[in-house]
Amino acid sequence: MSLRGKHIIIGITGGIAAYKIPLLIRLLKKEGAEVRVMTTRSAHEFVTPLTLSALSQNRIVTEFTDRDQWNNHVEWARWADLILIAPLTANTLAKLAQGQADNFLIAVVMSAENKPVLLSPAMDREMFQYPAVKNHLDKLTSYGFKIIEPAEGELLSGLSGKGRMPEPETLFEEIRRHLPKDGPLKGKKVLITGGPTYEPIDPVRFIGNRSSGKTGVALAEAAYDAGAEVTLISGPSKVLPANPAYEVVRVETAREMFEETKKRMDSQDILIMSAAVSDYSPENTARSKIKKKDKRLVLELKPTPDILKYVGENKKEGQIVVGFALETDHALAHALDKLKRKNADMIVLNSPDKEGKTGFDSDTNKVIIIKKDGRKKELPLKTKKELAHDIIEEITHLL
Ligand code: CTP
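Since the structure is predicted, the reported quantities are computational estimates derived from the model, not experimental observations. (Residues numbered from 1 in each chain as written. Predicted model: local features only at pLDDT ≥ 70, side-chain atom pairs only at ≥ 80, totals over all residues. Heavy atoms only, no water.)

*Asks:* Please set out the site of the ligand residue by residue, giving values where relevant.
*Replies:* Among the 14 residues in the neighbourhood of the ligand, the closest are listed as Met273, Ala275, Leu308, Phe324 and Lys338. Separating an oxygen atom of the ligand from a side-chain N or O atom of Asp279 is a distance of 3.4 Å. One nitrogen or oxygen atom from the main chain of Ile307 is found 3.0 Å from a nitrogen atom belonging to the ligand. Where the shell around the ligand is concerned, the elements lending two or more residues are helix 11 (307-313), strand 18 (320-326) and helix 12 (331-341). (Near = heavy atom within 4 Å. Polar contact = N/O pair within 3.5 Å; in protein donor to acceptor, adjacent residues only side chain to side chain. Helix = DSSP H or I, 4+ residues; strand = E, 2+ residues; numbered from the N terminus.)

*Asks:* Let's hear about the nonpolar core: which residues, and what values?
*Replies:* Ranked by size, the top nonpolar core spans 32 residues in total, and within it Ile192, Ile272, Ile392 and Ile395 carry the most contacts. Every element with two or more residues in this core is listed here: strand 10 (189-194), helix 9 (214-225), strand 13 (229-234), strand 15 (270-273), strand 18, strand 19 (346-350), strand 21 (367-371) and helix 13 (384-398). No other element matches the seven residues that helix 9 contributes to this core. When neighbours within four sequence positions are excluded, Ile192 is seen to be in contact with Gly216, Leu219, Ala220, Ala223, Val230, Thr231, Leu232, Ile233, Ile272 and Ser274. Counting 29 residues, the second largest nonpolar core, distinct from the first, contains Met38, Ala112, Leu119 and Ile147. (Core = buried A, V, L, I, M, F, W, Y, C linked by side-chain atoms within 4.5 Å. Buried < 20%, exposed > 50% of the residue type's maximum accessible area, 1.4 Å probe, protein only. Contact = heavy atoms within 4.5 Å.)

*Asks:* Outline a nonpolar patch on the surface, supporting the account with residue identities and numerical values.
*Replies:* A grouping of Ile16, Tyr19, Phe46 and Leu156 is seen on the molecular surface, where their side chains present a nonpolar patch of about 440 Å² in accessible area. With respect to the element layout, Tyr19 can be found in the loop between strand 1 (7-12) and helix 1 (21-30). Residue class for Tyr19 comes out exposed when judged on its relative accessible area of 52%. (Patch = residues over 30% accessible without salt bridge, like charges linked within 9 Å, V, L, I, M, F, W, Y side chains within 5 Å. Areas by Shrake-Rupley, 256 points an atom, 1.4 Å probe, with all protein chains shown as cover. Salt bridge = Lys/Arg side-chain N within 4 Å of Asp/Glu carboxyl O.)

*Asks:* Let's hear about the domain arrangement of the protein: which residues, and what values?
*Replies:* When the domains of the protein are assigned, the result is domain 1 (7-178) and domain 2 (189-396). For domain 1 versus domain 2, the separation of C-alpha centres amounts to 40 Å. Across the interface of domain 1 and domain 2, roughly 440 Å² is buried in total on both sides, 43% from carbon and sulfur atoms. Linking domain 1 with domain 2 are zero salt bridges, by the criterion used here. Between the two partners, domain 1 and domain 2, sit one residue pair in polar contact (both at pLDDT 80 or more). Considering only residue class, the side of domain 1 that touches domain 2 consists of no nonpolar, one polar and four charged. (Domains from an automatic or database assignment. Buried area = accessible area lost by both parts, 1.4 Å probe. Nonpolar A, V, L, I, M, F, W, Y, C, P; charged D, E, K, R; others polar.)

*Asks:* Describe in detail the sheet that holds strand 19, supporting the description with residues and values.
*Replies:* Reading across from one edge, 14-13-10-15-18-19-21-22 is the order of the eight strands in this open sheet, with mixed pairing throughout. Edge positions in the open sheet fall to strand 14 (247-250) and strand 22 (376-378), since each of these has one partner strand only. Going from strand to strand, the sheet's axes swing by 15° on average, the running direction of each strand aside. The pairing of strand 15 with strand 18 spans four bridges and is parallel. Bridge pairing in strand 18 places Met273 opposite Gly323. On the sheet, helix 10 (residues 254-265) packs against strand 10, strand 13, strand 14 and strand 15 and is oriented at approximately 160° with respect to strand 13. The sheet strands contacting helix 12 are strand 18, strand 19, strand 21 and strand 22, and the helix crosses strand 19 at an angle near 150°. (Pairing = 2+ DSSP bridges. Axes fitted to C-alpha atoms, helices over the stretch in contact; angles between N-to-C directions.)

*Asks:* Any details on helix 12? Residues and values, ideally.
*Replies:* When we look at burial in helix 12, the residues that qualify are Ala335, Lys338 and Leu339. Seen along its axis, helix 12 keeps its buried residues to an arc of 100°; they face one direction. The exposed residues of helix 12 that point more than 90 degrees off its buried face are Ala333 and Lys340. Of the surrounding secondary structure, the elements contacted by the buried residues of helix 12 are strand 18, strand 19 and strand 21. The first or second residue beyond helix 12 is Asn343, which carries a positive phi of 55°. (Arc of directions from axis to C-beta.)

Put into structure tokens, the structure is as follows:
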């Protein structure tokens, strides 16, 4: 999601991590956001107002009044689509928890009403563990503030532990994730399975397939861009984003993917099963590495749970279930049969080609979308990203 035209307020309090905030402002500006910065007085010890105003292209506000001008905290709060306080010191945290509005920054936060407010507490390990700090965080969570967990690592005190402010890239993704979204899937929950599954034979070997997981990630991004709240349950994949704007659940086996899907399915509006799930897993997984012998080795396999079938059979009124199919012969007939057997609302039929432009590892794909009423739509060769947007658009027509 682009941040073009989004109004973001960054509030900086007096902690050493403030030196990283200019980088965050640059990331936000690069994505097209409008950024206003407010600080407490002590924040100026760590980062200069000049740096902040040059990067945000706005004047920095610290006091209720600048010479003869009143800074209107209510106007600021109304202007914002989202407010992030980072770093948040124990001092400002306590004041926020108690509603003690003795500076501009706190007055803006207290005027924010229904706007998302993210708090990124950063302090030394011992301070973070102090009971009052914990109580204040719990209280603010119950007021609807979103607390960004501090990261673990080296702290200024020379100790190491939990207390660091997360890196600017992580804060950026938190902002992206919590911005109120618009789009056809606004308010909808979408669950996607993606990637391969690995079925262990012994501690070092597995049965898997060549799925890259690209389609699952592209679908998750497209659904997110359309305004949905997204969960991606993915098997082992190298393309999973490091700081996704949506929830990612990492699994290995078909059984794990099944359990994670089952747990979440009731609360979803749309379920897209795009994973290349292994149809079989070893009957027994050896506890230690199987040694080479001179005779034949026979592996007994058992079927894995069919996740799409389970989801289709147990879907609730109004839930939309989408499956994928890869067929080589009589593709359309088989895909339609799969749609019926698994009680899906839509099947995305992959058509493998001989030039390697479609299929598991490729960046492009060619699909036919088949709906429950038998309607078909053949799409030309496109990138997996473009196709994901087309598929999500087709799904929105089913709502
Ligand atoms: N699928 C699943 N769980 C499984 C196997 C498959 O959820 N254990 C889903 C895939 O994610 C995909 C669809 O089922 O959406 C098609 O998978 P496929 O393996 O082609 O289906 P099968 O029923 O195994 O059909 P076939 O007879 O072609 O093997």
